[in-house]
Amino acid sequence: MTSIVEDAHLPALDQDRRSEAGRDLQATLVELIDLSLLGKQLHWNISGRAFKPLHEHLDQLVDSWQNLADTVAERAVALGVGPDGQSGTVSAGSDIAPIAAGALDTDHALHELVPRLADVAERIRRRTDRLADSDLVSQDVLVEVLRELEKQLWMLRSSLPDGGGD
C-alpha cells in the first residue's frame, strides 16, 4: 500500500501506526477478495445433496466478503494508505490454499471451505489483537470482519453432514 493523501487530512496517528494498520488492513483485504473468488469457484462447481441452498448461500457469502473488503479498503484509504486488490496482488499475497478445479460434491465443498475460512478468521484475530496498541478504529473494522466471518463459520459448520466435527 502507498500513501495517497496529504498528512493534514489523515487521522491523528503517527506514520508507524498508520503503516502497521495499513499492512494489517491490506492482508485482510487480500484474503477477503480471495475468499470471494474461492466462493464463486465453489458456487459454479458444486453438485449433489442440498445443491440449491448451498449454491445460494455461497452467493450470499461472496456478497458479504466483497462488502467487508470494501469496508476494509475504505478504512485503509482513510488512513492515507492505498489498498491494492488487483489479481496479481491477491494471488501473491493470499495464504488461502487453492482448491482443485472441477466439480465438487456439496459435502466435499463445505469440507474445503470451512477450514480455509477458519484459517482466515484466525489470522484476522491475530491482526485485531495487534491493532489494539496502534489503531482502535482499524481494530474495530477488523472486529466487524471477524464477527461476520465467525458467524458464517458457525452456519457452515452446522451444515456439515457430521455436524461440524473434523
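The structure this text deals with has already been given above.
Residues numbered from 1 in each chain as written. Predicted model: local features only at pLDDT ≥ 70, side-chain atom pairs only at ≥ 80, totals over all residues. Heavy atoms only, no water.

I'd like a description of the overall build of the protein chain, backed by residues and values.
Within the protein chain one finds 5 helices and 2 strands. From first element to last, N terminus to C terminus, the protein chain shows the α and β order α-β-α-α-β-α-α. When each of the 166 residues of the protein chain is scored for burial, the buried share is 45%. Long-range pairs, those at least 24 residues apart, make up 83% of the contacts in the protein chain with a sequence separation of at least 6. Element-wise, carbon and sulfur atoms account for 50% of the exposed surface of the protein chain, whose accessible area totals about 8,500 Å². (Helix = DSSP H or I, 4+ residues; strand = E, 2+ residues; numbered from the N terminus. Buried < 20%, exposed > 50% of the residue type's maximum accessible area, 1.4 Å probe, protein only. Contact = heavy atoms within 4.5 Å. Areas by Shrake-Rupley, 256 points an atom, 1.4 Å probe, with all protein chains shown as cover.)

Describe the nonpolar core, naming the residues involved and giving the relevant values.
Core analysis: the biggest nonpolar cluster contains 42 residues, and Leu32, Leu35, Leu42, Trp65, Val72, Leu113 and Leu149 have the highest contact counts within it. At the level of secondary structure, the elements contributing two or more residues to this core comprise α1 (15–45), α2 (51–78), α4 (106–131) and α5 (136–159). The residues contacting Leu35, other than those within four sequence positions of it, are Trp65, Ile96, Leu117 and Val120. (Core = buried A, V, L, I, M, F, W, Y, C linked by side-chain atoms within 4.5 Å.)

Take it as geometry only, folks, not as evidence of what the structure does.
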